[in-house]
Amino acid sequence: SGGVSGGAGPALPPHSPSGAVLQTVEMHTGGEPLRIIPRLEAAEQAAAAGLSLLSLRRELAARQDHVRRALMHEPRGHAGMYGAVVVRGGAATEGAHLAALFLHCAGYSAMCGHAVIALGRFALDYGLVPAPTRPETAVRLRCPCGPVTAFVPWDGHRSGNPVRFHSVPAFAAATDLAIDVPGHGKVVVDIGYGGTFYAFLSAEQLGLDVCSSKTRDLVSAASAVTEAVKKQFKLHHPESEDLAFLYGTILTDGKDAFSEEPTTNICVFADEQVDRSPTGSGVTARIALQYHKGLIQLDQTRTFRSSTTGSLFTGKAVKATKFGNYNAVIVEVSGEAFYTGTATFTVEEEDPLKHGFFFK
């Protein structure tokens, strides 16, 4: 029922009977937002019908994309918005506590570290883990890239920080790759996989400083690198061609050798979207590259700083392993996530912008 009612407590604003009412839990990790959709009927039905998570990702993109656009784009979202659809039960979760589909302004991601950190807390506080243990609970998540485990502080009543997670095996896909970037000439990049693929290079190679250059300049340079790498290098994923795509470029301060000092980076992903956090999957991939190059040993912790908010994640390689033909590592990333609220979103059928709009 729509309308403003008297005395019966807050009612929803008028909305179309056919229009979805979407309830969300709002969080952020290191400044990067996470709009969690705890229940999406279409996703639950597809999962119950036996769809795998990668198939479910394709299904949502094909049939439910208006949900992503409505919640990520303006006026309900913004150019930096990020989201996760929580899926429980069915083939999609494969015995994990929950599965997650990641949404952003341009589409759907395979992995998202900042979201995993937030979802770890969410899973405990919203009762998705049957019997949480003190002082820390392992939360098993299923992400499109594979199984991920978050380790979340629990005091018996509520979750806490920092949350750490172990992702799928991470590896160096290519090192010292010469790429011709229009407008910038030849640069040398590394390509790392941390649940999704990123190109890495120092901002200095592009005549920029990751700490002091204008964000706009960093974004356009990083995007030019992403486009160039896509054209000049073919990615392969050991398990699924669905995952063999370059998600973005991470510009660094060039401090790849081990140090107690934080190293600063900025991640530009999808369609020129800027991560406000140090980027969990990016830290995972960057540690894998540093380990591969002999710049870091197992269990050496590094601190990564976001150039946009100054927020920090730590990362360390905890175990060497194989992933297909690649020598890989399991990386532990740690960061802090916080709740910012809950929201109820409605749609009016007559609204010409009901499914959102996006411009850069």
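Quick notes on the rules
- Residues numbered from 1 in each chain as written.
- Predicted model: local features only at pLDDT ≥ 70, side-chain atom pairs only at ≥ 80, totals over all residues.
- Heavy atoms only, no water.
- Pairing = 2+ DSSP bridges.
- Helix = DSSP H or I, 4+ residues; strand = E, 2+ residues; numbered from the N terminus.
- Domains from an automatic or database assignment.
- Contact = heavy atoms within 4.5 Å.
- Salt bridge = Lys/Arg side-chain N within 4 Å of Asp/Glu carboxyl O.
- Polar contact = N/O pair within 3.5 Å; in protein donor to acceptor, adjacent residues only side chain to side chain.
- Nonpolar A, V, L, I, M, F, W, Y, C, P; charged D, E, K, R; others polar.
- Buried < 20%, exposed > 50% of the residue type's maximum accessible area, 1.4 Å probe, protein only.
- Core = buried A, V, L, I, M, F, W, Y, C linked by side-chain atoms within 4.5 Å.
- Phe/Tyr/Trp six-rings, centres within 6.5 Å; stacked < 30°, edge-to-face > 60°.
- Lys NZ or Arg CZ within 6 Å of the ring centre and 35° of its normal.
- Disulfide = S-S within 2.5 Å.
- Expected span 1.5 Å × (residues − 1).

## Some thoughts on the pairing of strand S16 (residues 312-323)
Alignment of strand S15 (residues 302-306) against S16, held across four bridges, turns out to be antiparallel. Within S16, the position partnered with Thr 303 by the bridge is Thr 314. As consecutive antiparallel partners, S15 and S16 are separated by five residues, and within that stretch Gly 310 has a phi angle of approximately 80°, a positive value. With nine bridges connecting them, S16 and strand S17 (residues 326-335) associate as antiparallel partners.

## So, the domain arrangement of the chain
For the chain, the assigned domains read domain 1 (21-166 + 339-346) and domain 2 (168-335). On a C-alpha basis, the centroid separation for the pair domain 1 and domain 2 is 23 Å. Between domain 1 and domain 2, the contact holds 31 residues from the first and 32 residues from the second. Here domain 1 is connected to domain 2 by two salt bridges. The residue Asp 242 makes a salt bridge to Arg 58 at a minimum N-O spacing of 2.5 Å. In this assembly, domain 1 and domain 2 are joined by 11 residue pairs in polar contact (both at pLDDT 80 or more). Looking at which element gives the most residues to the side of domain 1 that touches domain 2, the answer is strand S8 (residues 163-166), with four residues. Partitioned by chemical class, the residues of the side of domain 1 that touches domain 2 number 16 nonpolar, 11 polar and four charged.

## Things to note about the pairing of strand S3 (residues 82-87)
Counting buried residues in S3 gives six out of six residues, a clear majority hidden from the surface. The alternating pattern of S3 places Tyr 82, Ala 84 and Val 86 on one face and Gly 83, Val 85 and Val 87 on the opposite face, and all of these are buried. In the sheet, strand S2 (residues 32-37) pairs with S3 via three bridges, with the strands oriented parallel. Directly across from Arg 35, in S3, lies its bridge partner Gly 83. Examined bridge by bridge, S3 and strand S4 (residues 98-104) share six bridges and lie antiparallel to one another.

## Some thoughts on the nonpolar core
Judged by nonpolar contacts, the single largest core of 90 residues is most densely connected at Phe 102, Val 116, Leu 119, Val 139, Val 189, Ile 191 and Leu 251. Shared between two domains, this core takes at least three residues from each, and those domains are domain 1 (21-166 + 339-346) and domain 2 (168-335).

## Here's the deal with the packing of aromatic side chains
According to the stated counting rule, one finds 14 aromatic pairs in the structure shown. On the basis of an interplanar angle of 50° and a centroid distance of 4.7 Å, the ring pair of Tyr 193 and Phe 197 is categorised as tilted. For Tyr 193, a relative accessible area of 0% corresponds to the buried category. Taking the centre distance of 6.2 Å and the plane angle of 5° together, the rings of Phe 357 and Phe 359 count as stacked. By relative accessible area, which is 26% here, Phe 357 ends up partly exposed. An aromatic cluster of at least three residues, connected via ring pairs, comprises Tyr 82, Tyr 198, Phe 200, Phe 245, Tyr 247 and Phe 269. One Lys or Arg, Arg 164, reaches over the ring of Phe 151 and ends 4.4 Å from the middle of that ring.

## Here we look at the state of the cysteines
Under the defined criterion, the tally for this structure stands at zero disulfides. For the unlinked cysteine Cys 112, the closest cysteine sulfur is that of Cys 143, found at 8.5 Å. You can call Cys 112 buried: its relative accessible area is 4%.

## Some points on the environment of Thr 252
With respect to the helices and strands, Thr 252 occurs in strand S12 (residues 246-252). Separated by 54 residues in the primary sequence, Thr 252 and Tyr 198 place their C-alpha atoms 12 Å from one another. Excluding residues within four positions of it along the chain, Thr 252 makes contact with Phe 200, Leu 201, Ser 202, Ala 203, Val 210, Thr 264, Asn 265 and Arg 286. Within the local environment of Thr 252, its side chain forms a polar contact with the backbone nitrogen of Gly 254, the two atoms lying 2.9 Å apart.

## What about the pattern of salt bridges?
Applying the stated rule across the entire model yields 14 salt bridges. Between Arg 69 and Asp 65 there is a salt bridge, and its shortest N-O distance comes to 3.1 Å. Here the residue Arg 69 and the residue Asp 65 both occupy positions in helix H3 (residues 65-72), the gap between them amounting to four residues, near one helical turn. For Arg 69, a relative accessible area of 28% translates into the label partly exposed. Given the relative accessible area of 16%, Asp 65 is considered buried. Measuring nitrogen to oxygen at the nearest pair gives 2.7 Å for the salt bridge that ties Asp 190 to Lys 293.

## Some details on helix H7 (residues 280-292)
Taking 1.5 Å per residue as the helical rise, H7 with its 13 residues ought to reach 18 Å, and the 18 Å between its terminal C-alpha atoms agrees with that figure. The buried fraction of H7 is high, at 11 of 13 residues. All of the buried residues along H7 are Gly 280, Ser 281, Gly 282, Val 283, Thr 284, Ala 285, Arg 286, Ile 287, Ala 288, Leu 289 and Gln 290. Backbone geometry just downstream of H7 places Gly 294 in the positive-phi region, at approximately 75°.

## Section: the environment of Thr 24
By the element assignment, Thr 24 lies in strand S1 (residues 22-29). Judged by relative accessible area, Thr 24 falls into the buried class, the value being 2%. With sequence-adjacent residues up to four places away left out, Thr 24 is seen in contact with Arg 35, Ile 36, Ile 37, Pro 38, Leu 71, Thr 342, Ala 343 and Phe 345.

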